[in-house]
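Reading the structure
Okay, here's what each chain looks like letter by letter:
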Amino acid sequence: MKRKRLKLETNFNHKLHCDKFLHIALAPVANPSVQDMEETIFEINVADKSHPDVQVKLEFYSVARVAMLSNIHTWASHGMTTTEFINWLFLKHPELNRDSHIGVYYYAKVKAMAAAA
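The notes below deal with the structure included here.

Once that is clear, we can look at the pattern of salt bridges. Side chains that differ in sign of charge can pair as their charged atoms come close. Scanning the model with the defined rule gives six salt bridges in all. Of the charged contacts in the structure, one is a salt bridge between D36 and K2, with a shortest N-O distance of 2.8 Å. With a gap of 34 residues between them, D36 in helix 1 (residues 34-39) and K2 in strand 1 (residues 2-8) connect regions that are remote in the sequence. The exposure class assigned to D36 is partly exposed, which follows from its relative accessible area of 29%. Note that E9 is salt-bridged to K92, the shortest N-O span being 2.7 Å. Note that E9 is positioned in the loop between strand 1 and strand 2 (20-26) and K92 in helix 3 (residues 82-92), a separation of 83 residues in sequence. Residue E9 is classed as partly exposed on the basis of its relative accessible area, which comes to 38%.

Written out as C-alpha cells, the structure reads:
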C-alpha cells in the first residue's frame, strides 16, 4: 500500500469529523488511475492542529472548471458559498481564473471503510 501526505490549512467545515467527505483543491497534474486510488492511503495533516491526523482513501474525484463549481461542492468542502470560495481561492492562487481546472476529491476514512466491509 502506498502512502501520501496531504496538508490542509484547517479543518474546513469540520469535515474531518465525518467518515466520508469531499475537498476542493487544485486539479491533479496527472490523473490517478483506479489502481492508484485503490492502492494509496493518504494521511491528512492539519496545519493549525484543529483536528488530529486522519488516514483516508480517495474514492472518487472529478475535475471541472472553477466556473462550474456550485454551492453543493463549496458548502460541503469549505463551508462557503461558491462566490466566497472562488474569491478565497483567487486570493490564494492569483494565477487561477474561472476557466482554470479544479479538483473535487471524495475521501473515506480508512477505519470507516473497514467497518463497512
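Time to look at the nonpolar core. Generally speaking, a soluble globular protein has its nonpolar side chains buried in company with each other. Membership of the largest hydrophobic core comes to 13 residues, with the highest contact counts inside it found for L16, F21, I44, V56, L58 and Y107. Among the secondary structure elements, those contributing two or more residues to this core are strand 3 (40-46), strand 4 (54-65) and strand 5 (101-109). Excluding residues that lie within four positions of it along the chain, I44 makes contacts with L6, L8, L16, F21, D53, V54 and V56.

Here we come to the packing of aromatic side chains. In total, this model carries seven aromatic pairs according to the counting rule given. Considering the side-chain rings of F60 and Y106, the 5.6 Å spacing of their centres and the 55° angle between planes classify their relative orientation as tilted. One end of the pair, F60, is in strand 4; the other, Y106, is in strand 5, and 46 residues separate them in sequence. The class for Y106 is partly exposed, based on a relative accessible area of 28%. On the basis of an interplanar angle of 40° and a centroid distance of 5.7 Å, the ring pair of F85 and W88 is categorised as tilted. Here W88 and F85 lie together in helix 3, a separation of three residues that amounts to about one turn.

Turning our attention to unusual backbone geometry. Positive phi outside glycine occurs at H14, with the angle close to 60°. Among the structural elements, H14 can be located in the loop between strand 1 and strand 2. Even without glycine at this site, K49 takes up a positive phi of about 60°. Looking at the secondary structure, you find K49 in the loop between strand 3 and strand 4.

Calculation notes
Residues numbered from 1 in each chain as written. Predicted model: local features only at pLDDT ≥ 70, side-chain atom pairs only at ≥ 80, totals over all residues. Heavy atoms only, no water. Salt bridge = Lys/Arg side-chain N within 4 Å of Asp/Glu carboxyl O. Helix = DSSP H or I, 4+ residues; strand = E, 2+ residues; numbered from the N terminus. Buried < 20%, exposed > 50% of the residue type's maximum accessible area, 1.4 Å probe, protein only. Core = buried A, V, L, I, M, F, W, Y, C linked by side-chain atoms within 4.5 Å. Contact = heavy atoms within 4.5 Å. Phe/Tyr/Trp six-rings, centres within 6.5 Å; stacked < 30°, edge-to-face > 60°.

Any functional reading would require information beyond the geometric quantities listed.
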